[in-house]
Amino acid sequence: MTKKIDDDLIDELLKGCERPEDLLGDGGLMQGLKRALMQRMLGAELTDHLGYEPGETPPPVQPNRRNGTGRKTVKGEAGAFEIDVPRDRDGSFEPRLIGKGQTRIDGLDDKIVAMYARGMSVRDIRSHLEDLYGIEVSPDLISRVTDAVLDEVKEWRSRALDAVYPVVIFDALRVKIRDKDSRIVKNKAVYLALGITSEGTREVLGLWIAENEGAKFWLGVMNELRNRGVQDILIAVVDGLKGFPEAITAAFPDTTVQTCIVHLVRHSLNFCSWKDRKAVAAGLREVYGADTAETAWDALEAFDEEWGRQYPSIAQAWRRAWQEVIPFFAFSPEIRRVIYTTNAIESLNRVIRKAIKTRGSFPSEEAAEKLIYLAIRGHEKTSRNVRGWLTAVNQFAIMFEDRFTPMKG
């Protein structure tokens, strides 16, 4: 409950405030009031610590005494100002309002983290804080504040997961990171696992940074998911990740591995000229829009007859991926829409790329991890449930009746 302040007290305080800066400026009423309130609260804390009021005779059992004050400069949204922090003789008093060593108030740490999450560099953050708040902070301070995010990342990466995920989409994006051994900047892959829960919410299950992928790497990822509580994945959607199908079937033998249709279509369109793209896309739609795997194969053969001489690589790419394409045709239209669209993972990737685009490279994997994690955290706060999930989830319950039970609302 907000405490009501007497109007007469407000009128008394505002006497002499004729200009905005008299109220809000450096040395104005608000700054003075904040200083006075803080010192009053610090005094109350010391009284509670010592057990007697100022001016009273200390109890005989209390050898500790007040010992004057120490001047301290604190920095906040309204600028920097000095306060007198009360002290005791034996140095056991540790104020909670402004802790020992603390010089910042008004959630400055949160502001630093928020700016870092938007992709601002340490230099940009320093400049922004100085221009906007008149606060000078060191690069080391900013690094310490943002490094605190690593503890949150560690906790997030080890959190317990659901037992069953109807759909998990695996994807990768490339980031430049300085190798800690060679000190050479290398292109490393950030692998993401985006799960769709039984309730239809999107949840990033984890992120992994690696220079090379393969069955061994992906088996480690799958075992990590199992150790965190995942017992089953109904459908894993993946786009050409090396060694992935073998690893996921080793850890989750009943999982259906489905290639990402959208990525396959886009890969195909890279082979054709701009003027033919619309027609080629329409031909491929006949393939992935077929009712069955058999009619889809016939449509692919027809597509190759029409376009194969001009663009032979397209049908070849579909044939190479066919074993991971054909599971798609066993699903109902409702489930197809869920696993066909890549809007969720692409939206997430856009947010991450926006955060990292100002960085030429990262000095370490940890630096990349904390920024990407903050981008994920911000994205998940605004992420919506999968459209049409109620219809799809009923189809999941029929198709995977012995493995999946919808959550009751």
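Conventions used here
Residues numbered from 1 in each chain as written. Predicted model: local features only at pLDDT ≥ 70, side-chain atom pairs only at ≥ 80, totals over all residues. Heavy atoms only, no water. Phe/Tyr/Trp six-rings, centres within 6.5 Å; stacked < 30°, edge-to-face > 60°. Buried < 20%, exposed > 50% of the residue type's maximum accessible area, 1.4 Å probe, protein only. Salt bridge = Lys/Arg side-chain N within 4 Å of Asp/Glu carboxyl O. Helix = DSSP H or I, 4+ residues; strand = E, 2+ residues; numbered from the N terminus. Pairing = 2+ DSSP bridges.

S.K.: Just give me the short version of the packing of aromatic side chains, but keep the residues and values in it.
M.R.: Evaluated as defined, the whole model comprises 14 aromatic pairs. Summarising the aromatic geometry, the rings of phenylalanine 396 and phenylalanine 404 are spaced 6.1 Å apart at their centres and angled 65° between planes, so their arrangement reads as edge-to-face. Residue phenylalanine 396 is classed as buried on the basis of its relative accessible area of 0%. Using a relative accessible area of 3% as the deciding quantity, one classes phenylalanine 404 as buried.

S.K.: Help me get a handle on the pattern of salt bridges, residues and values and all.
M.R.: Using the criterion set out here, one finds twelve salt bridges in the structure. Notably, a salt bridge pairs arginine 71 with glutamate 82, separated by 2.7 Å at the nearest N-O pair. Here glutamate 82 lies in strand 2 (residues 79-88) and arginine 71 lies in strand 1 (residues 66-76), a separation of eleven residues in the sequence. Overall, the relative accessible area of 57% leaves arginine 71 in the exposed class. Across the pair arginine 377 and glutamate 152 runs a salt bridge, and its minimum N-O distance is 2.9 Å. With a gap of 225 residues between them, arginine 377 in helix 16 (residues 365-382) and glutamate 152 in helix 6 (residues 139-157) connect regions that are remote in the sequence. The class of arginine 377 is partly exposed, set by a relative accessible area of 27%. Classification of glutamate 152 as partly exposed rests on a relative accessible area of 30%. Taken together, the shared-partner salt bridges connect Arg71, Glu82 and Asp84 into one network.

S.K.: I'd like a description of the pairing of strand 6 (residues 232-238), backed by residues and values.
M.R.: In terms of burial, strand 6 is a largely internal element, seven of the seven residues being buried. With five bridges joining them, strand 3 (residues 164-178) and strand 6 adopt parallel strand pairing. Opposite valine 168, over in strand 6, you have alanine 236 as the bridge partner. Two strands pair when backbone bridges link them, and strand 6 and strand 7 (residues 256-259) are joined in this way by four bridges, in the parallel orientation.

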